[in-house]
Amino acid sequence: MRRSSGKSRRRAAYPIALLAAALACPAAAEAGAPLTYLTGQGAKNYPVVYLLWGLLAVSVLVVVIVSVLVLIGLFRHRGLPRDPRTVPLGRTSGGLKWVYIGTAISAATLFISALGTFYVLGAIAGPPSRQELTINVAGHQWWWEVTYDNPDDSRVFTTANEIHIPTGQPIRFKLTSDDVIHSFWVPQLSGKTDTIPGQENETWFEADKPGTYRGQCTEYCGLQHAHMGLLVIAQPPQAFKSWWDDQLKAPPAPSSAEAGAGQLQFMLHCAVCHSIRGTDAHGRFGPDLSHLMTRQTLAAATLDNTPGGLSGWIADPQHVKPGNLMPNLALSGPQLADIRQYLETLH
Ligand code: CUA
């Protein structure tokens with residue numbers, strides 16, 4: 001009995017502790033809930049988070065005031081004899097003026113809240129300065145294709161699911177989709193923008209400090225909608241530039257016999273769908289794998305990029321993400337091991 005009451009007390013205390021953590025230490029709250037929108041980062045999201053907490057405060061205040069007034073109304077006339085033929089709220093009993101006053105206060109509160117919302121959304125509609133960098137993002141069932149734009153064609157490259165950006169500058173995102181409607185959402189940095197087949201939508205955001213920000217498809221797009229995650233990795237501009245330079249290079253040639261054999265197996269089984277720079281693999285159906293080992297995750301932020309994760313994914317992708325377009329290749333044990341060793345050379 002004692003134990004169960006302790007448990008329910010702990011359960012009741014949990015949301016309060018979470019709220020206290022969110023207020024006291026935004027970083028701790030982010031670490032525990034990477035998709036939280038109660039905190040935000042960067043020029044676009046700071047005003048939105050202020051708006052969110054402001055509207056929340058107004059709403060809580062309204063609930064408290066209304067509750068107190070209801071309680072006062074309930075207890076003030078308790079015990080007084082009442083004529084059942086009269087209505088307490090009526091023209092003659094004088095209560096109607098409170099309806100007028102209440103409606104006026106509610107209308108004014110809603111109007112001011114709406115003005116604040118329009119003002120903030122208008123202010124963040126465009127970036128504060130010119131965007132130097134444009135990143136094209138295309139939604140696929142169920143992963144993100146990411147192409148870095150540049151006036152110099154030799155600096156254009158494609159990657160997947162993990163978007164590196166430089167800190168301290170607004171980035172333009174041009175969004176489209178290859179199949180159905182998806183929605184691009186990195187809650188710490190920006191609100192949602194749909195990716196729509198045959199249409200180009202534009203959004204922007206900025207990260208003012210380095211970090212890894214989790215994103216997620218937020219428009220239901222089929223069986224693996226929940227496994228359509230992404231990461232935004234914000235780096236200081238110099239580190240970002242050297243990352244970009246590395247992405248333009250071909251990965252080193254495999255040096256071990258197993259990795260060499262794995263490369264042949266890869267060309268046989270995987271190259272129709274995947275590209276690897278500097279090789280004969282030019283497939284465009286699946287993610288570009290040129291620098292797979294520089295990514296933290298696999299399968300659109302579904303698995304950690306570890307040897308075990310990689311083996312599990314190649315061996316049975318339909319077990320990890322049922323319905324996804326990567327088939328089970330029915331590889332033998334040695335073939336699987338060789339391909340994994342080859343992929344592990346893709347730095
Ligand atoms: Cu893509 Cu949901």
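Description of the structure in this document.

What counts, and at which threshold
Residues numbered from 1 in each chain as written. Predicted model: local features only at pLDDT ≥ 70, side-chain atom pairs only at ≥ 80, totals over all residues. Heavy atoms only, no water. Helix = DSSP H or I, 4+ residues; strand = E, 2+ residues; numbered from the N terminus. Buried < 20%, exposed > 50% of the residue type's maximum accessible area, 1.4 Å probe, protein only. Contact = heavy atoms within 4.5 Å. Polar contact = N/O pair within 3.5 Å; in protein donor to acceptor, adjacent residues only side chain to side chain. Pairing = 2+ DSSP bridges. Axes fitted to C-alpha atoms, helices over the stretch in contact; angles between N-to-C directions. Phe/Tyr/Trp six-rings, centres within 6.5 Å; stacked < 30°, edge-to-face > 60°. Lys NZ or Arg CZ within 6 Å of the ring centre and 35° of its normal. Arc of directions from axis to C-beta. Parallel < 35°, antiparallel > 145°, perpendicular 65-115°, else oblique. Left-handed = near helix turned anticlockwise from the far one by under 90°. Nonpolar A, V, L, I, M, F, W, Y, C, P; charged D, E, K, R; others polar. Expected span 1.5 Å × (residues − 1). Core = buried A, V, L, I, M, F, W, Y, C linked by side-chain atoms within 4.5 Å. Patch = residues over 30% accessible without salt bridge, like charges linked within 9 Å, V, L, I, M, F, W, Y side chains within 5 Å. Areas by Shrake-Rupley, 256 points an atom, 1.4 Å probe, with all protein chains shown as cover. Salt bridge = Lys/Arg side-chain N within 4 Å of Asp/Glu carboxyl O.

### Side note on the environment of D288
So, point 1. Tracing the sequence through the fold places D288 in the loop between helix 6 (257-269) and strand 11 (297-298).
So, point 2. In this structure D288 comes out as buried when scored by relative accessible area, which is 16%.
So, point 3. A C-alpha to C-alpha distance of 5.5 Å links D288 and T159, two positions 129 residues apart in sequence.
So, point 4. Discounting residues that sit within four places of it in the chain, D288 has contacts with T158, S275 and R295.
So, point 5. Here the side chain of D288 touches S290 through a polar contact of 2.8 Å, side chain to side chain.

### A word on unusual backbone geometry
So, point 1. Across the junction of Q141 and W142, the peptide omega takes the value 0 degrees, indicating a cis bond.
So, point 2. With respect to the secondary-structure elements, W142 resides in the loop between strand 1 (133-140) and strand 2 (143-148).
So, point 3. Residue N161 is not a glycine yet carries a positive backbone phi of 65 degrees.
So, point 4. Take N161: it is sitting in the loop between strand 3 (157-160) and strand 4 (162-166).

### Looking at the sheet that holds strand 5 (residues 171-177)
So, point 1. The strand order across the open sheet formed by 5 strands is 3-2-1-5-8, and the pairing between neighbours is mixed. Looking at strand neighbours, the two that pair on one side only are strand 3 and strand 8 (201-205), the edges of this open sheet. Sheet twist, expressed as the mean angle between neighbouring strand axes with direction ignored, is 25 degrees.
So, point 2. In this sheet, strand 3 lies alongside strand 2 in antiparallel orientation, the contact comprising 4 bridges. Pairing of E145 across the sheet is with A160, part of strand 3.
So, point 3. Seen against the sheet, helix 5 (residues 237-247) touches strand 1, strand 2 and strand 3 and runs at an angle of roughly 100 degrees to strand 3.

### Observations concerning the packing of aromatic side chains
So, point 1. Taken as a whole and assessed by the stated rule, the structure comprises 13 aromatic pairs.
So, point 2. Three or more aromatic residues joined by ring pairs make a cluster, and in this case those are Y148, F157, F240, W243 and W244.
So, point 3. Above the plane of the ring of W185 lies K192, whose end atom (NZ or CZ) is 4.7 Å from the centre.

### A word on helix 5
So, point 1. Buried within helix 5 are the following residues: F240, W243, W244 and Q247. For helix 5, the arc enclosing every buried residue in end-on projection is 100 degrees, short of the 170-degree limit, so these residues lie on one face.
So, point 2. Buried residues along helix 5 sit in contact with strand 1, strand 2, strand 3, strand 4 and strand 10 (229-235).

### Comments concerning the side chain of Q224
So, point 1. Within the secondary structure, Q224 is located in the loop between strand 9 (211-217) and strand 10.
So, point 2. Residue classification places Q224 among the buried positions, given a relative accessible area of 6%.

### Here's the deal with the packing of helix 7 (residues 307-315) against helix 9 (residues 333-343)
So, point 1. Taken N-terminus to C-terminus, the directions of helix 7 and helix 9 make an angle of 130 degrees; their axes are 10 Å apart at the nearest point. Judged on the interaxial angle alone, helix 9 and helix 7 are oblique. The interaxial crossing formed by helix 7 with helix 9 has right-handed handedness. Across the interface between the two elements, P307, L310, S311, I314 and A315 from helix 7 touch L336, I339, R340 and L343 from helix 9.
So, point 2. For the contact of helix 7 with helix 9, the class distribution of residues is 7 nonpolar, 1 polar and 1 charged.

### Remarks on helix 3 (residues 42-76)
So, point 1. Helix length check: helix 3, at 35 residues, gives a terminal C-alpha distance of 51 Å against a target of 51 Å (1.5 Å per residue), a fit within 8%.
So, point 2. G42, K44, N45, V49 and L51 are the residues of helix 3 that are buried.
So, point 3. Where helix 3 is buried, its residues contact helix 4 (96-123) and strand 8.

### Some words on the nonpolar core
So, point 1. I135, Y148, I163, I165, F173, F184 and V232 are the most contacted members of the largest nonpolar core, which has 29 residues in total.
So, point 2. Broken down by secondary-structure element, the contributors of at least two residues to this core are strand 1, strand 2, strand 4, strand 5, strand 9, strand 10 and helix 5.
So, point 3. Those residues in contact with Y148, other than ones at most four positions away along the chain, are L133, T134, I135, R155, V156, F157, T159, I163, H164, F240, W243 and W244.
So, point 4. Formed by 21 residues, the second largest nonpolar core is a distinct cluster that contains F266, A271, L298 and L331.

### Details of a nonpolar patch on the surface
So, point 1. Taken together, the side chains of L56, V60, L61, V64, I65, V68, L69 and I72 make up a nonpolar region of the molecular surface, amounting to roughly 700 Å² of accessible area.
So, point 2. Inspection of the secondary structure puts L69 in helix 3.
So, point 3. When its relative accessible area of 55% is taken as the criterion, L69 is described as exposed.

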